[in-house]
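What follows is each chain in one-letter form.
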Amino acid sequence: MICQECNQRPATLHFTKIVNGEKTEIHLCEQCAHEKGEMFMFPHQGAFSINNLIAGLLNMDASLKEPKAPSFHNEHILQCERCKMTYAQFVKVGRFGCASCYETFRSYLPPIFRKLHGGHVAHEGKIPKRVGGTLYVRKQIGQLKQMLQELIAKEQFEKAAEVRDQIRELEAKLNTEGGASLHE
Amino acid sequence: MNEHLFFQRALSPWMNEEGPDSDIVLSSRIRLARNMKQYSFPTVFTNEEAIQIVQLFEHLFSQKRFGNLGPFVLLKMNELQTIDKRVLVEKHLISPHLAEDCTFGACLLSEQEEASIMINEEDHIRIQCLFAGFQLREALKLANALDDWIEQHIDYAFDEKYGYLTSCPTNVGTGLRASVMMHLPGLVLTQQMNQIIPAINQLGLVVRGTYGEGSEALGNIFQISNQVTLGKSEEDIVEDLTGVVRQLIEQERMAREALVKTSNIQLEDRVYRSYGVLTNSRIIGSKEAAQCLSDVRLGIDLGYITNVPKTILTELMILTQPGFLQKYAGGALRPQERDIRRASLIRERLYQWK
């Protein structure tokens with residue numbers, strides 16, 4: 001098969017594009033594929049990526065807000081103090097610049113996250129032991145309390161007592177830690 | 001250890017183990033995206049920051065030892081040859097993005113290649129654990145342990161409400177991507193895959209080809225992973241994916257059974273024709289090779305072919321990618337030369353088991 005772009009070299013790359021359900025096949029040699037930016041091995045180059053989709057999503061939100069914006073005259077220069085990324089830049093690249101961006105753009109995030117994560121807006125998973133601080137212990141207590149209820153329901157009182165003691169221990173730890181950080 | 005091994009062996013040592021359901025699930029992978037509090041994310045960080053981050057991890061992994069995986073080897077992207085980087089991509093140890101675009105990117109690899117940590121890709125680090133067969137829970141366990149160990153020494157960017165903060169809003173929360181590589185020739189042959197893919201998408205899961213976003217499902221190999229990272233625990237994400245994969249395994253087994261029952265001789269013919277092509281062709285493109293390898297692997301699973309090991313599909317799929325072919329040839333190859341090389345390499349490998 002000959003490359004359909006230059007009609008000289010043999011076609012070694014074969015693409016199938018599906019746009020709105022319509023299938024087109026493209027056969028190119030490597031040089032022409034490079035020029036067209038459709039290199040097979042590294043599809044993220046030049047190809048339509050998730051980036052574009054996210055940027056589109058964020059943009060849509062921005063355009064929805066725009067008409068109401070004039071009253072908040074500083075909204076268009078909402079900028080992260082630490083990494084200097086502006087909201088406009090964030091919308092364009094679809095990436096946060098640093099951890100502080102989450103703080104700076106906080107009020108805009110829930111609708112974006114809701115769309116990306118099937119309606120969810122808050123983390124339910126793992127908490128880092130050190131950085132998560134008291135949150136980790138609080139979550140542990142929550143899990144133990146649930147376990148306690150289950151054990152009581154199953155009338156396993158001996159085990160339940162053990163769990164109760166664990167909860168007390170953690171709560172005591174939480175109190176002293178919380179107290180210590182207050183004095184700092 | 002000798003770091004050249006990373007570039008020479010096509011099969012990572014972990015791939016040689018036969019995992020559960022390995023007739024259908026080739027491998028299971030867990031990836032965790034993590035960032036550090038005090039540095040800007042890779043999208044905007046300065047070169048100095050990038051270099052510091054690599055140094056930090058280089059130091060950590062040279063001073064301390066994690067678990068029983070042995071020492072990790074640090075490879076810096078700007079010190080590697082293009083072909084070597086490509087080889088790492090083809091083995092799924094690093095992403096194309098890290099290999100191509102991240103000047104200050106690096107990766108830490110465990111000896112057996114079951115764990116790799118990409119540094120300065122889209123996030124400061126991406127912890128990845130790979131297991132043979134269907135072992136998502138085991139992979140999550142290892143990834144979590146490695147994550148906990150790193151967290152003892154590094155301050156992660158974490159928010160009470162949003163969880164682990166990532167560069168891209170699609171990864172926020174758990175930063176977890178769980179995925180499995182599945183060989184589904186039965187579902188493709190019985191033309192069920194076209195109906196299954198949209199159904200899976202509706203469950204918040206994504207189906208892709210072998211080499212990620214936008215790539216074609218070469219050799220009937222599909223990658224299935226979670227999309228949602230926020231609002232579900234790591235365990236729930238893995239459970240949800242596991243449930244769907246279980247169903248797919250059932251469906252695939254049923255499709256294979258039905259094929260054997262209704263068109264045994266046609267199927268056997270197809271398998272042996274493909275085996276014939278692989279053992280005799282002098283020029284073969286990657287697409288044809290992948291299709292034939294898939295047929296041969298199916299033939300092994302169904303007991304038509306007994307002299308070839310199961311790992312042949314994964315091994316030759318990787319080995320016949322452009323990076324590996326050029327690595328073996330010792331230099332750049334033009335597309336036509338690659339097709340000739342690919343054919344002779346496949347013949348040689350299969351000849352071993354004749």
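You'll find the structure just up there.
Notes on the structure follow. (Residues numbered from 1 in each chain as written. Chains lettered and ligands numbered in written order. Predicted model: local features only at pLDDT ≥ 70, side-chain atom pairs only at ≥ 80, totals over all residues. Heavy atoms only, no water.)

Considerations on the pattern of salt bridges
Two side chains of opposite charge can pair, provided their charged atoms sit close to one another. If you walk through the whole model with that rule in mind, you get 32 salt bridges over all chains. Connected through shared salt-bridge partners, R95(A), E121(B), E122(B), D123(B) and R126(B) make up one network. (Salt bridge = Lys/Arg side-chain N within 4 Å of Asp/Glu carboxyl O.)

Comments concerning unusual backbone geometry
Backbone geometry follows two general trends: most residues other than glycine have a negative phi, and most peptide bonds adopt the trans configuration. The phi torsion at K84(A) lies on the positive side, around 70°, for a residue other than glycine. With respect to the secondary-structure elements, K84(A) resides in the loop between helix 2 (50–65) and helix 3 (87–93). For Q191(B), which is not glycine, the phi dihedral falls at a positive 55°. Judged by relative accessible area, which is 61%, Q191(B) ranks as exposed. (Helix = DSSP H or I, 4+ residues; strand = E, 2+ residues; numbered from the N terminus. Buried < 20%, exposed > 50% of the residue type's maximum accessible area, 1.4 Å probe, protein only.)

Comments concerning helix 6 (residues 134–153) of chain A
All names here are of chain A. Over its 20 residues, helix 6 runs 29 Å from end to end, which matches the ideal 28 Å to within 8%, given 1.5 Å per residue. Buried within helix 6 we find L135, V137, I141, L144, L148 and L151. Trailing helix 6 by a residue or two, E155 shows a phi angle of about 60°, which is positive. (Expected span 1.5 Å × (residues − 1).)

Things to note about the side chain of T242(B)
Residues and elements named next belong to chain B. Locating T242 in the fold gives a position in helix 8 (residues 234–280). Taking the relative accessible area as the measure of exposure, T242 reaches 8% and is therefore buried. Here T242 is in contact with F134, L136 and R137, once residues within four sequence places are set aside. (Contact = heavy atoms within 4.5 Å.)

Description of the sheet that holds strand 3 (residues 106–110) of chain B
Residues and elements named next belong to chain B. Strand order in the open sheet formed by eight strands is 2-3-4-5-1-8-10-9, with antiparallel pairing between adjacent strands. If you trace the sheet from one side to the other, it starts and ends with strand 2 (72–76) and strand 9 (205–208), each paired once. Neighbour-to-neighbour, the strand axes of the sheet open up by a mean angle of 20°, direction not taken into account. Both strand 8 (residues 176–183) and strand 10 (residues 221–226) contribute to a ladder of five bridges, which runs antiparallel. (Pairing = 2+ DSSP bridges. Axes fitted to C-alpha atoms, helices over the stretch in contact; angles between N-to-C directions.)

Examining the nonpolar core
By size, the foremost hydrophobic cluster in this structure holds 63 residues, and its most contacted members are I30(B), F57(B), I117(B), I119(B), I150(B) and M182(B). Excluding residues within four positions of it along the chain, M182(B) makes contact with I24(B), V25(B), N220(B), I221(B), F222(B), I224(B), V245(B), L248(B) and I249(B). (Core = buried A, V, L, I, M, F, W, Y, C linked by side-chain atoms within 4.5 Å.)

Brief notes about the interface of chain B and chain A
In this assembly, 58 residues from chain B lie in contact with 47 residues from chain A. Across the interface of chain B and chain A, roughly 4,600 Å² is buried in total on both sides, 60% from carbon and sulfur atoms. On the chain B side of the interface with chain A, the three residues burying the most area are E151(B), Y162(B) and P169(B), jointly 14% of the side's total. Across the chain B-chain A interface, the total number found is seven salt bridges. Its salt-bridge partner being R138(A), residue E160(B) comes within 3.2 Å of it at the nearest N-O pair. At the boundary of chain B and chain A, one finds 24 residue pairs in polar contact (both at pLDDT 80 or more). Tallied by class, residues from the side of chain B that touches chain A come to 20 nonpolar, 19 polar and 19 charged. (Buried area = accessible area lost by both parts, 1.4 Å probe. Polar contact = N/O pair within 3.5 Å; in protein donor to acceptor, adjacent residues only side chain to side chain. Nonpolar A, V, L, I, M, F, W, Y, C, P; charged D, E, K, R; others polar.)

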